[in-house]
Amino acid sequence: MTEKLMSVHEVVKLTGITARTLHYYDEIGLLKPTEVTETGYRMYGDAALSRLQNILLFRELQFPLKEIKVILDSPDFDQSEAIAQQIRLLELQYKHIGKLIDFARKMQKKGVTKMNFEVFDRSEIETYEEEVKARWGNTGAYREYRQKTAVRNEDNYSKLASELLNLFSELGALKHFPPDAGEVQEKISFLQKFITENYYTCTNEILSGLREMYVCDERFQKNIDRAGGAGTADFVSQAIAVYCGKENM
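One structure accompanies this document, and this report is about it. (Residues numbered from 1 in each chain as written. Predicted model: local features only at pLDDT ≥ 70, side-chain atom pairs only at ≥ 80, totals over all residues. Heavy atoms only, no water.)

## A closer look at the sheet that holds strand 2 (residues 35-36)
Stated formally: DSSP calls a pair of strands paired once it identifies at least 2 bridges connecting them. What counts as a helix is a DSSP run of H or I of at least four residues, what counts as a strand is a run of E of at least two, and both are numbered from the N terminus.
With respect to topology, three strands assemble into an open sheet ordered 1-3-2, the strand pairing being antiparallel. The sheet is open, and its two borders are formed by strand 1 (6-7) and strand 2, each paired with just one other strand.

As structure tokens, this is what we get:
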């Protein structure tokens, strides 16, 4: 049975997006039409429409087009896993909006009695977004991590987590040194090797990504600061920046 293809006009009518948007998605390689007729008309089949649905869901979740392309072009991309991630993000958005509505209603009834900015905190949403990007952005590292953790029992996992926290504790003890000090840089090198040996190959690019996560992800920052003292996460981040800069020279 021949697949029924839809024209740009039909896709626009079905989805509500503009023809210009479809053309732009084609230009940047995000969504290619299933075929282009001899007269130049773009036609879209089921696979293209399924991809468009994923694009629109990720756009609704405020993902940049470049990152959506990385996710959808991943060789490991799994439709059911992506949908589960989208649902989780939508649930977090729903919870966040609910808090904002409650806050606005209280302001409407009672006025502003005290300043409260916690209700605007999106860190939980942003943290999960980073996990989604990491899942599809570094598929090789993620696959290696899954392979190593598959053969690891709970005791080994706890032991490695404890050893990693000890590393951050040792780095915290070096905070009185500048981030580019030899002792600090040697410890960062050891951290990179530890991650490679026990989790996944930690390239400088991945280490730089972890550097940002250590200070931007509240969960990581709290755990690292708990291990090494206040300011350790920021110190480690600075030291990694120096280390990766030197390695790229």
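So that's the structure; there's more coming.
## Concerning the pattern of salt bridges
Rule in force here: When a carboxyl oxygen of Asp or Glu lies within 4 Å of a side-chain nitrogen of Lys or Arg, that pair is called a salt bridge. Each residue's exposure class comes from its accessible area (1.4 Å probe, protein chains only) as a fraction of the maximum for that residue type: buried when under 20%, exposed when over 50%, partly exposed otherwise.
One pass over the structure, following the stated rule, counts six salt bridges. Ionic pairing is found between Glu91 and Arg88, a salt bridge with its closest N-O pair at 3.9 Å. Taken as a pair, Glu91 and Arg88 lie in helix 5 (residues 79-110) at a separation of three residues, close to a single helical turn. Using a relative accessible area of 34% as the deciding quantity, one classes Arg88 as partly exposed. For Glu170, the salt bridge goes to Lys187, with nearest N and O atoms at 2.8 Å. In this pair, Glu170 sits in helix 8 (residues 154-172) while Lys187 sits in helix 9 (residues 182-198), placing the two residues 17 residues apart along the sequence. Exposure remark for Lys187: the relative accessible area of 22% places this residue in the partly exposed category. Among the ionic contacts, a cluster of salt bridges with common partners joins Asp26, Lys32 and Arg42.

## Let's talk about the packing of helix 3 (residues 46-60) against helix 4 (residues 65-73)
Axes are the key here: two packed helices are described by the angle between their axes and the distance separating the axes. To be explicit about the condition: Axes here mean lines fitted to C-alpha atoms, for a helix over just the part in contact, with angles spanning 0 to 180 degrees between N-to-C directions. Should an angle fall under 35 degrees it is called roughly parallel, over 145 degrees roughly antiparallel, and 65 to 115 degrees roughly perpendicular, with every other angle called oblique. Put simply, a crossing is left-handed when the front helix is turned counterclockwise from the back one by less than a right angle, and right-handed when it is turned clockwise. In what follows, residue pairs with any heavy atoms lying within 4.5 Å of each other are defined as contacts. Each residue is assigned to one of three groups, with Ala, Val, Leu, Ile, Met, Phe, Trp, Tyr, Cys and Pro labelled nonpolar, Asp, Glu, Lys and Arg labelled charged, and all others, Gly among them, labelled polar.
For the pair helix 3 and helix 4, the least separation of the axes is 10 Å and the interaxial angle reads 135°. Considering their axes alone, helix 3 and helix 4 lie oblique with respect to each other. Pair helix 3 / helix 4 crosses with right-handed handedness. Note on element contacts: helix 4 touches helix 3 through Leu65, Ile68, Ile71, Leu72 and Asp73, opposite Arg51, Asn54, Ile55, Phe58 and Arg59. For the contact of helix 3 with helix 4, a count of residues per class yields six nonpolar, one polar and three charged.

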